[in-house]
Amino acid sequence: MTTPGPVPDADGVLAEQLLRLTRRLHRIQKQHLRPVGITPAQARLLRVVAHYEGAPRMADLAGRLEVVPRAVTTLVDGLESGGRVRRVPDPTNRRVVRVELTDLGRSTLGELRGARRAAAEDILAPLTADQREALGGLLSALLDGDPGPAGQVYCPER
């Protein structure tokens, strides 16, 4: 009689698959952003700055991105040297620095949308429309803790 091998850890396998997918997503996103001339982290910062009504404080950006303020400083330095954002003083507190998009930054956002769509298509190409819809629902359940209505697709631009 043969002894069965170890039972695979289904959650562990899923976790490994998610990690591999995350690395693949990052690699493909970098490829699509290369022609735009920015990194994925810079792209994320641009999208976050654009989300605010006015120019956000550096501290607001760090909180929103869930990173230390020094990381925001480095990202802003790179985007500012490329002419996509500029630092502006806070009108009420001279110790506070705010970040605003430039015209080039706004046009870069349009390029980013195209690059993100192309990267998503590369990743999702093997899936049918029904599988993509199911994946969207599953991702929403994992990210939001709520599966939402059937057919709700996760939209990272929210």
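I will try to describe carefully the structure that is included in this document. What you see is a predicted model, and the numbers here were worked out from it, not measured in a lab. (Residues numbered from 1 in each chain as written. Predicted model: local features only at pLDDT ≥ 70, side-chain atom pairs only at ≥ 80, totals over all residues. Heavy atoms only, no water.)

When its secondary structure is counted, the protein shows six helices and two strands. When the helices and strands of the protein are listed from N to C terminus, the series reads α-α-α-α-β-β-α-α. A buried classification covers 24% of the 158 residues belonging to the protein. Across the protein, the fraction of contacts at a sequence separation of at least 24, relative to all contacts at a separation of at least 6, is 43%. With the model as given, the accessible surface of the protein reaches about 10700 Å², and the carbon-plus-sulfur share is 57%. (Helix = DSSP H or I, 4+ residues; strand = E, 2+ residues; numbered from the N terminus. Buried < 20%, exposed > 50% of the residue type's maximum accessible area, 1.4 Å probe, protein only. Contact = heavy atoms within 4.5 Å. Areas by Shrake-Rupley, 256 points an atom, 1.4 Å probe, with all protein chains shown as cover.)

Bringing the nonpolar core into the picture now. Core analysis: the biggest nonpolar cluster contains 22 residues, and Leu 45, Leu 46 and Leu 112 have the highest contact counts within it. Listed by contribution, the elements that provide at least two residues to this core are helix 2 (40–51), helix 3 (58–65), helix 4 (69–81), strand 2 (97–101) and helix 5 (103–124). The greatest single-element share of this core, amounting to five residues, is contributed by helix 2. Among all residues touching Leu 45, those that are not within four sequence positions of it are Leu 61, Leu 65, Leu 75, Val 76 and Leu 79. (Core = buried A, V, L, I, M, F, W, Y, C linked by side-chain atoms within 4.5 Å.)

Moving on: unusual backbone geometry. Positive phi outside glycine occurs at Glu 66, with the angle close to 60 degrees. With respect to the secondary-structure elements, Glu 66 resides in the loop between helix 3 and helix 4. The exposure class assigned to Glu 66 is exposed, which follows from its relative accessible area of 72%.

Among the secondary structure elements, Thr 108 is positioned in helix 5. A distance of 2.7 Å separates a polar atom in the side chain of Thr 108 from the backbone oxygen of Leu 104. Those residues in contact with Thr 108 that lie beyond four places of it in its chain are Val 36, Ile 38, Leu 46 and Arg 84. (Polar contact = N/O pair within 3.5 Å; in protein donor to acceptor, adjacent residues only side chain to side chain.)

Moving on, we come to the pattern of salt bridges. Where charged atoms of side chains with opposite charge meet at close range, the side chains can pair. Summed over all chains, the structure comprises eight salt bridges. A salt bridge links Arg 87 to Glu 80; the nearest nitrogen and oxygen atoms lie 2.4 Å apart. Salt-bridge contacts for Arg 86 lead to Glu 100; the nearest nitrogen and oxygen are separated by 2.6 Å. A residue pair is termed long-range when its members are at least 10 positions apart, and Arg 86 in strand 1 (residues 85–89) and Glu 100 in strand 2 qualify at 14 residues. For Glu 100, a relative accessible area of 26% puts it in the partly exposed group. What emerges from the salt-bridge pattern is a single network uniting Asp 77, Glu 80 and Arg 87. (Salt bridge = Lys/Arg side-chain N within 4 Å of Asp/Glu carboxyl O.)

Let's shift gears to a nonpolar patch on the surface. Together, Leu 18, Leu 142 and Leu 143 make up a nonpolar patch on the protein surface, roughly 320 Å² of accessible area in all. By secondary structure assignment, the location of Leu 142 is in helix 6 (residues 129–144). (Patch = residues over 30% accessible without salt bridge, like charges linked within 9 Å, V, L, I, M, F, W, Y side chains within 5 Å.)

What follows is about the packing of helix 2 against helix 4. Axis separation between helix 2 and helix 4 bottoms out at 10 Å; the angle between their running directions is 85 degrees. Taken together, the axes of helix 2 and helix 4 lie roughly perpendicular to each other. Facing helix 2, whose interface residues are Ala 41, Gln 42, Leu 45 and Leu 46, helix 4 presents Leu 75, Val 76, Gly 78 and Leu 79. Among the residues making up the contact of helix 2 with helix 4, the classes are represented as six nonpolar, two polar and no charged. (Axes fitted to C-alpha atoms, helices over the stretch in contact; angles between N-to-C directions. Parallel < 35°, antiparallel > 145°, perpendicular 65-115°, else oblique. Nonpolar A, V, L, I, M, F, W, Y, C, P; charged D, E, K, R; others polar.)

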